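Report on the structure
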Amino acid sequence: GHDSPQHDEVHALLGRLRFYLAPERSVVIERCHTALAMDLGQRDGDEISPAVWAGLTKALVKRRRVEFAYRSPQQEDGVPRRHVVDPDERYFDTVRGHYYLRGWCHYTAGPLGRYEQQRYFYYRLGRIADLQVLPDKLPTTLPAAPRYVVESELTPQVARLGVTHHRGLEVTGIEQRETGGVVVSSTTDNLFWAVRTLLHYGPNCRVLGGPEMLWEMRKVVKKMAKIYAMEE
């Protein structure tokens, strides 16, 4: 998992080992992985196109770049953007109940033009359409994801039952407070999910840093405060 210790190094090693496998062996491994993912069962209303699923399987086995249209709720105009991506992993998130593709996005293209991305995106498979497997072969290892520091403080009410380890947040240290609370030091490669994971605790969690995480949390909380603002 992405929250496991030394994930980037271990994942790079596994990628290199897959690179040297015979094609028929790669197909067997991906089929086993796909069968396991399908057994987990979908818990959302997404309709995953069979063509998208088959195309991703082919791209993962043959280590090929893909291009597809993606509908993101962040786009207010509702127009899908084209994404050119090196697929890294297809997985099922048991907490959120969705299938995802983690991939290194080279660029996106839409009504306002083309934008260089050069970073990892997490795509819900049900929002992918018109997937094309490109002839570009992937490198032996994909770029390492940048890591961001996350410092958070849990109140005694939740800390007394222990610190939960969440996917996407790699815990690097726990400091006990005299009050009974704890300060948890973590790192993440996805600030979007890290913010929403910690919001799960409501007022029982306060983000202390790092700078990127604190900025993202403040931005979200300000929007929430505006929605729920009450007149005196």
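Residues numbered from 1 in each chain as written. Predicted model: local features only at pLDDT ≥ 70, side-chain atom pairs only at ≥ 80, totals over all residues. Heavy atoms only, no water.

Regarding the packing of aromatic side chains
According to the stated counting rule, one finds nine aromatic pairs in the structure shown. Between W104 and Y120 the ring centres are 5.1 Å apart and the planes differ by 75°, which places this aromatic pair in the edge-to-face class. A residue pair is termed long-range when its members are at least 10 positions apart, and W104 in strand 3 (residues 98–110) and Y120 in strand 4 (residues 113–124) qualify at 16 residues. Among the aromatic side chains, those forming a connected cluster through ring pairs are F68, Y70, F121 and Y123. When the ring centre of Y107 is taken as origin, the NZ or CZ atom of R114, which lies over that ring, is 3.5 Å away. Here the basic side chain of R196 rests over the ring of F192, its NZ or CZ set 3.6 Å away from the ring centre. (Phe/Tyr/Trp six-rings, centres within 6.5 Å; stacked < 30°, edge-to-face > 60°. Helix = DSSP H or I, 4+ residues; strand = E, 2+ residues; numbered from the N terminus. Lys NZ or Arg CZ within 6 Å of the ring centre and 35° of its normal.)

What to know about helix 6 (residues 211–228)
Helix length check: helix 6, at 18 residues, gives a terminal C-alpha distance of 26 Å against a target of 26 Å (1.5 Å per residue), a fit within 8%. Residues of helix 6 that are buried include every one of M213, L214, M217 and V220, and no others. End-on, the buried residues of helix 6 take up no more than an arc of 135°, which puts them together on one face. Of the exposed residues in helix 6, the ones pointing more than 90 degrees away from its buried face are P211, W215, R218, K222, K223 and K226. Of the surrounding secondary structure, the elements contacted by the buried residues of helix 6 are strand 6 (148–154), helix 5 (191–199) and strand 9 (205–209). (Expected span 1.5 Å × (residues − 1). Buried < 20%, exposed > 50% of the residue type's maximum accessible area, 1.4 Å probe, protein only. Arc of directions from axis to C-beta. Contact = heavy atoms within 4.5 Å.)

Brief notes about the pairing of strand 8 (residues 182–188)
With respect to burial, strand 8 is a largely interior element, seven of its seven residues being buried. Judged from the seven bridges that link them, strand 6 and strand 8 form a sheet pairing that is antiparallel. Each bridged residue has a counterpart across the sheet, and for V149 the counterpart in strand 8 is T187. As paired elements, strand 7 (residues 170–176) and strand 8 share six bridges and run antiparallel to each other. For I174, the partnering residue across the bridge sits in strand 8 and is V184. The antiparallel hairpin formed by strand 7 and strand 8 contains five residues in its connecting segment, where G180 sits at a positive phi of about 105°. (Pairing = 2+ DSSP bridges.)

Observations concerning empty space enclosed by the protein
Where empty space is left in the structure can be found by rolling a water-sized probe over the atoms. On inspection of all chains with the given rule, the structure shows two cavities of 30 Å³ or more. In this structure, the largest cavity encloses a volume near 130 Å³. Forming the walls of the largest cavity are 15 residues, and the residues nearest its centre are Y91, Y122, R167, G168 and W193. Those elements giving two or more residues to the lining of the largest cavity turn out to be strand 2 (81–93) and helix 5. Per-element tally for the lining of the largest cavity: the top contributor is helix 5, with three residues. Across the lining of the largest cavity, the residue classes break down as six nonpolar, five polar and four charged. (1 Å grid on protein atoms, 1.4 Å probe; cavity = no way out; pocket = protein on both sides within 12 Å on 5 of 7 lines; lining within 4 Å. Points joined across faces, edges and corners; volume = space filled by probe spheres on them. Nonpolar A, V, L, I, M, F, W, Y, C, P; charged D, E, K, R; others polar.)

Examining the sheet that holds strand 6
Backbone-to-backbone hydrogen bonds join strands into a sheet, with any given pair of strands oriented parallel or antiparallel. As summarised here, the arrangement of the four strands in space is 7-8-6-9, forming an open sheet in which the pairing is antiparallel. Only two strands of the sheet have a single partner each, and these edge strands are strand 7 and strand 9. When strand polarity is set aside, the average angle formed by the axes of neighbouring strands in this sheet is 25°. Pairing between strand 6 and strand 9: four bridges, direction antiparallel. Bridging from a neighbouring strand, E153 pairs with R206 of strand 9. Across the face of the sheet, helix 5 comes into contact with strand 6, strand 8 and strand 9 while running at roughly 5° to strand 6. Each of strand 6 and strand 9 touches helix 6; the most contacted strand, strand 9, lies at about 135° to it. (Axes fitted to C-alpha atoms, helices over the stretch in contact; angles between N-to-C directions.)

Considering unusual backbone geometry
For the peptide bond that leads from G209 to G210, omega is -10°, which places it in the cis range. In this structure, G210 sits in the loop between strand 9 and helix 6. Phi is positive for R63, close to 55°, though the residue is something other than glycine. Within the element layout of this structure, R63 appears in the loop between helix 3 (50–62) and strand 1 (64–70). Residues other than glycine seldom take positive phi values, yet D130 does so here, at roughly 50°. Within the secondary structure, D130 is located in strand 5 (residues 128–137).

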